[in-house]
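Examining the three-dimensional arrangement
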Amino acid sequence: MNHEPLSISKRVRFVELSAKALRALADGDLAGGSAEAGVALDEYFVCDRARWIFGYRADQLAKDPSAAPWITRAAVSEPDGAVVGDAGFHGPPDEAGVVEVGYTVVPGYRRQGYARAMLRALLVRAAAEPGVRTVRARIGSDNTASLATIAGFGFTRVGEQGNERDGLAIVFEVPADALQAQRRTTSADMAGDPVGP
């Protein structure tokens, strides 16, 4: 496991997981899912939790193929090319312009800044989309790592939800215009920095 300090910002790129790749992973076919994705996916992509999620997303795409640009993708670390998790939105913006983020880091890459890198990339994407007005995150009340991940991204706690399967989740939201303003400020700061990112 890598123990780099978190001050070194991680970078990720996203690789689409097609309906065929999602279905293979849901069926426990890691080799088939990896071949469809074009990257070597981690064993974590066929654990029980992942198989359920990928099956759900494959069904979602079967019902609405236009959701493909929004849903789960493999997160690949740059520049080394390691698959460090999956991330995406739960679907396209709803009628109120709300999108919900979701991300998971492969266990061997946790606590190294990859969740923040995934979230940052998702928020940049959401801020650039004219149909997005609000980004939502639902986090289990006992998930201290994920609660720490969203700190500093402008999210505000707006409520709680719970069910027997998942337990209590805290609901957070951030307006897209706040993300756009944050992006402009960050870009201006970086433009004035002779060293750069």
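Keep in mind that this is a model prediction, so the values were computed, not measured.

The rules we used
Residues numbered from 1 in each chain as written. Predicted model: local features only at pLDDT ≥ 70, side-chain atom pairs only at ≥ 80, totals over all residues. Heavy atoms only, no water. Buried < 20%, exposed > 50% of the residue type's maximum accessible area, 1.4 Å probe, protein only. Helix = DSSP H or I, 4+ residues; strand = E, 2+ residues; numbered from the N terminus. Contact = heavy atoms within 4.5 Å. Polar contact = N/O pair within 3.5 Å; in protein donor to acceptor, adjacent residues only side chain to side chain. Axes fitted to C-alpha atoms, helices over the stretch in contact; angles between N-to-C directions. Parallel < 35°, antiparallel > 145°, perpendicular 65-115°, else oblique. Left-handed = near helix turned anticlockwise from the far one by under 90°. Nonpolar A, V, L, I, M, F, W, Y, C, P; charged D, E, K, R; others polar. Pairing = 2+ DSSP bridges. pLDDT = per-residue confidence, 0-100. Phe/Tyr/Trp six-rings, centres within 6.5 Å; stacked < 30°, edge-to-face > 60°. Lys NZ or Arg CZ within 6 Å of the ring centre and 35° of its normal. Salt bridge = Lys/Arg side-chain N within 4 Å of Asp/Glu carboxyl O. Core = buried A, V, L, I, M, F, W, Y, C linked by side-chain atoms within 4.5 Å.

**Some words on helix H2 (residues 30-37)**
- All of the buried residues in H2 are Leu30, Gly32, Gly33, Ser34 and Ala37.
- Residues of H2 that are buried sit in contact with strand E1 (11-16) and helix H1 (19-26).
- Of the residues flanking the start of H2, the one acting as N-cap is Asp29, its side-chain oxygen 3.5 Å from the backbone nitrogen of Ala31.
- Two residues or fewer after H2 comes Gly38, characterised by a positive phi angle close to 85°.

**Quick notes on H1**
- Within the sequence span of H1, burial applies to Ala21, Leu22, Ala24, Leu25 and Ala26.
- In the segment just after H1, Gly28 is the residue with positive phi, at about 85°.

**Here's the deal with the packing of H1 against H2**
- Where H1 contacts H2, the axes come no closer than 7 Å and their chain directions differ by 165°. Between H1 and H2, the interaxial angle falls into the category roughly antiparallel. Helix-helix and strand crossings are classified by hand; for H1 and H2 the assignment is left-handed. Residues Lys20, Ala21, Ala24 and Leu25 of H1 pack against Leu30, Gly32, Gly33, Glu36 and Ala37 of H2.
- Class assignment for the residues of the contact of H1 with H2 results in 5 nonpolar, 2 polar and 2 charged.

**Details of the sheet that holds strand E4 (residues 98-105)**
- Taking strand neighbours across the sheet as the criterion, the 7 strands line up as E1-E2-E3-E4-E5-E7-E6 in an open arrangement whose pairing is mixed. The outermost strands of the open sheet, each flanked by one partner alone, are E1 and strand E6 (156-163). Taken pair by pair, the neighbouring strands of this sheet meet at an average axis angle of 30°, ignoring direction.

**Description of the confidence of the model for the chain**
- For the chain, mean pLDDT is 88; residues scoring 70 or higher make up 87% of the total.
- Note on residues 1-7: pLDDT under 50 across the span, and 9 contacts to partners over four residues away in sequence or across chains.
- The low-confidence segment residues 185-197, where pLDDT is below 50, has 1 contact with residues more than four positions distant or belonging to other chains.

**Comments concerning the packing of aromatic side chains**
- Tallying each qualifying case throughout the model produces 4 aromatic pairs.
- Summarising the aromatic geometry, the rings of Trp52 and Tyr56 are spaced 5.6 Å apart at their centres and angled 15° between planes, so their arrangement reads as stacked. Remark: Tyr56 and Trp52 occur in helix H3 (residues 48-63); sequence separation between them is 4 residues, near one turn of the helix.
- Judged by relative accessible area, Trp52 falls into the partly exposed class, the value being 47%.
- With relative accessibility at 46%, the residue Tyr56 sits in the partly exposed group.
- Across the ring face of Trp70, the terminal group of Arg125 is positioned such that the distance to the ring centre comes to 4.1 Å.

**A short note on the pattern of salt bridges**
- Summed over the entire model, instances satisfying the criterion amount to 7 salt bridges.
- Across the pair Lys20 and Glu36 runs a salt bridge, and its minimum N-O distance is 3.7 Å. Taken together, the residues Lys20 in helix H1 and Glu36 in helix H2 connect sequence positions 16 residues apart.
- What makes Lys20 exposed here is its relative accessible area of 58%.
- Under the relative-accessibility criterion, Glu36 is labelled partly exposed at 37%.
- For Arg157, the salt bridge is made with Glu160, and the minimal N-O distance between the two is 2.4 Å.
- Its relative accessible area of 47% is what places Glu160 among the partly exposed residues.

**Some remarks on the nonpolar core**
- Ranked by size, the top nonpolar core spans 32 residues in total, and within it Val101, Tyr103, Met118, Leu119, Val135 and Phe155 carry the most contacts.
- For this core, the element with the most residues is helix H4 (residues 114-128), which contributes 9 residues.
- Ignoring sequence-local partners within four residues, the contact set of Val135 consists of Val99, Val101, Leu123, Ala126, Phe155, Phe172, Glu173, Val174 and Leu179.
- Within the second largest apolar cluster, 22 residues are counted, among which are Ile53, Ala67, Ala74 and Val106.

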